[in-house]
Amino acid sequence: MRRFALIVAFWPGVLMAEGFQRLTGDEILEALSGRKLNYEGGASQTFEPSMHTQYFSGGPSAGIWAVQEDQYCSLWPPSDLWACYDIERNGDMIRFIGKGGDITDGVYAE
């Protein structure tokens, strides 16, 4: 019975360790800089250390990215508006969460 109590006591910690974890600004830089993500439907995106980004879906689209207040932000000309997202990670999957709760998941390319 005592063993069961110990298992139950530690179970919430096990559950919390799995799944998506929100990233801080430094963790976002580490997770994205110099990396490429693949998205559902065949699209992909590169995140250069120079803070340039390219989105590929039928053709390339160039933008810039930054980390502001623990969020990933991007600007896609000709627009001059920054769009910012909370970032979560679960293993090789990166999740972008917009202000309205919209979610986009990307997986690291090999």
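Rules and cut-offs
- Residues numbered from 1 in each chain as written.
- Predicted model: local features only at pLDDT ≥ 70, side-chain atom pairs only at ≥ 80, totals over all residues.
- Heavy atoms only, no water.
- Pairing = 2+ DSSP bridges.
- Helix = DSSP H or I, 4+ residues; strand = E, 2+ residues; numbered from the N terminus.
- Core = buried A, V, L, I, M, F, W, Y, C linked by side-chain atoms within 4.5 Å.
- Buried < 20%, exposed > 50% of the residue type's maximum accessible area, 1.4 Å probe, protein only.
- Contact = heavy atoms within 4.5 Å.
- Disulfide = S-S within 2.5 Å.

Peer 1: Would you take a moment to explain the pairing of strand β7 (residues 83-90) for this structure?
Peer 2: The two faces of a sheet get side chains in turn, since along a regular strand they alternate between them. The pairing of strand β1 (residues 21-22) with β7 spans 2 bridges and is classified as antiparallel. Bridge pairing in β7 links R22 to E88. One ladder, built from 3 bridges, connects strand β6 (residues 71-75) with β7; its direction is antiparallel. Paired with S74 across the two strands is A83, which belongs to β7. Relative to strand β8 (residues 93-97), β7 runs antiparallel, the two being bridged by 5 bridges. Counterpart to D86 in the pairing with β8 is I97. Between β7 and β8, which pair antiparallel one after the other, the connecting turn spans 2 residues, and G91 there sits at a positive phi close to 65°.

Peer 1: How should I be thinking about the nonpolar core in this particular structure?
Peer 2: Soluble globular proteins tend to pack their nonpolar side chains together in the buried interior. Of all hydrophobic cores here, the largest spans 14 residues; its most connected members are L32, L37, F47, Y72, I87, I94 and F96. If you list the elements that add at least two residues to this core, you get α2 (25-32), β2 (35-39) and β8. Among the elements that make up this core, the one with the highest residue count is α2 (3 residues). Dropping the residues within four chain positions of it, L32 is found in contact with L37, F47, W65, Y72 and I94.

Peer 1: How should I be thinking about the state of the cysteines in this particular structure?
Peer 2: In a disulfide, the sulfur atoms of two cysteines are held together by a covalent bond. Throughout the structure, instances matching the rule amount to 1 disulfide. For C73, the disulfide goes to C84, at an S-S distance of 2.1 Å. Taking the sign of the torsion about the S-S bond as the criterion, the disulfide between C73 and C84, at about 110°, is right-handed. Residue C73 is found in strand β6, and its partner C84 is found in strand β7; the two are separated by 11 residues along the sequence.

Peer 1: Sorry, what's going on with the pairing of strand β5 (residues 60-68) here?
Peer 2: One ladder, built from 5 bridges, connects strand β4 (residues 52-56) with β5; its direction is antiparallel. Residue pairing across strands places T53 opposite G63, the latter belonging to β5. Hairpin connection, β4 to β5: the antiparallel pair is bridged by 3 residues, and G58 has positive phi, about 85°. The sheet contact formed by β5 and β6 spans 5 bridges and is antiparallel. The residue bridging A66 from the neighbouring strand is C73, located in β6. A loop of 2 residues connects β5 with β6, the two strands running antiparallel in sequence, and E69 in this loop sits at a positive phi of about 50°.

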